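Tertiary structure, described
The residues making up each chain are set out below.
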Amino acid sequence: MKSVPQATSLRRAPVQRRSAERLTRILDACADLLDEVGYDALSTRAVAQRAGVPIGSVYRFFGNKRQMADALAQRNLERWSERVTERLTGAPHGDWRAAMDAVLDEYLAMKRTAPGFSLVDFGNQIPVGARQAEPNHRVADRLTDLLSAYLDRTPDDDLRRTFLIAVETADTLVQLAFRVDPEGDEKVIEEMRELLRAYLGRVLD
């Protein structure tokens, strides 16, 4: 599993293993502190202290906490992508229902267990980057890259639009589910699955 994202927010990408490990510790500390104090109270100094690195090491990679949160969001996206890919290994090729279950199940598992994920996830909770790089566009683009070959579909604008609509819909309903219940209301989640099955069935069958 990749522990360091290829983050556009990085001032300098790590080259040596020691530098990569330091970046991982910084992002791990950032995730833990997000759960403990929230984004508003997060500081680069607190992250440096928690990670056990000099403050200069944080600024070597990030100019501010927003860039750090963005890098964490991108790492979350990488880890989620790997989990989905692993889940689909051995699944019937072309089965979009299995793909949808993998996408949703792995996202929900991370939302419930991954440090800092409930605040940052893929960047949705803390807006980052340019408008054309909005988090749900990131996710739709990644799904197009991940699933087009698996589904025997051309990775064109139509498929990208289909995934974007599904992602936007799921994002809204997942937020509702976790407002109703901190662990995610199962009835809302099941309704979301049915809605997505109906939409994707019309497009992908």
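Up top is the structure these notes are about.
Residues numbered from 1 in each chain as written. Predicted model: local features only at pLDDT ≥ 70, side-chain atom pairs only at ≥ 80, totals over all residues. Heavy atoms only, no water.

A few words now on the packing of aromatic side chains. Using the criterion set out here, one finds five aromatic pairs in the structure. Here a set of aromatic residues connected by ring pairs shows up, and it is made of W80, Y107, F117 and F122. Positioned above the aromatic ring of Y39 is the side chain of K65, whose terminal nitrogen or guanidinium carbon lies 4.6 Å from the ring centre. Cation over ring: K111 sits above F178, and NZ or CZ is 5.1 Å from the ring centre. (Phe/Tyr/Trp six-rings, centres within 6.5 Å; stacked < 30°, edge-to-face > 60°. Lys NZ or Arg CZ within 6 Å of the ring centre and 35° of its normal.)

What follows is about helix α2 (residues 44-51). Buried within α2 we find T44, V47, A48 and A51. What you see down the axis of α2 is that its buried residues fit within an arc of 100°, all on one side. Turned more than 90 degrees away from the buried face of α2, the exposed residues are R45 and Q49. Buried-residue contacts for α2 involve α1 (17-37), α3 (55-61) and α4 (65-88). (Buried < 20%, exposed > 50% of the residue type's maximum accessible area, 1.4 Å probe, protein only. Helix = DSSP H or I, 4+ residues; strand = E, 2+ residues; numbered from the N terminus. Arc of directions from axis to C-beta. Contact = heavy atoms within 4.5 Å.)

Where helix α7 (residues 135-147) meets helix α8 (residues 157-180), the closest approach of the two axes is 8 Å, and the angle between their N-to-C directions is 130°. It follows that α7 is oblique to α8 by the angle criterion. Crossing of α7 against α8: the hand is right-handed. Counting all contacts with α7, which are made through N136, H137, V139, A140, D141, L143, T144 and L147, the residues of α8 involved are L159, R160, F163, L164, V167, E168 and D171. Here the contact of α7 with α8 is composed, by residue class, of eight nonpolar, three polar and four charged. (Axes fitted to C-alpha atoms, helices over the stretch in contact; angles between N-to-C directions. Parallel < 35°, antiparallel > 145°, perpendicular 65-115°, else oblique. Left-handed = near helix turned anticlockwise from the far one by under 90°. Nonpolar A, V, L, I, M, F, W, Y, C, P; charged D, E, K, R; others polar.)

Let us look at the side chain of D121. Among the secondary structure elements, D121 is positioned in the loop between α6 (117-120) and α7. Within the buried set, D121 has no salt-bridge partner at all; the shortest N-O distance to an opposite charge, 4.6 Å, is to K111. The residues contacting D121, other than those within four sequence positions of it, are A73, N76, Y107 and G116. (Lys, Arg positive; Asp, Glu negative; His and termini not counted. Salt bridge = Lys/Arg side-chain N within 4 Å of Asp/Glu carboxyl O.)

A few words on the nonpolar core. Among the nonpolar cores identified, the biggest contains 38 residues, and W80, L143 and L147 are the most heavily contacted of them. For this core, the secondary-structure elements that each account for two or more residues are α4, α5 (96-113), α7, α8 and α9 (186-204). Residues in contact with L147, not counting those within four places in the same chain, are L88, A99, V103 and F163. Membership of the second largest hydrophobic core comes to 23 residues, among which are I26, L34, V53 and A69. (Core = buried A, V, L, I, M, F, W, Y, C linked by side-chain atoms within 4.5 Å.)

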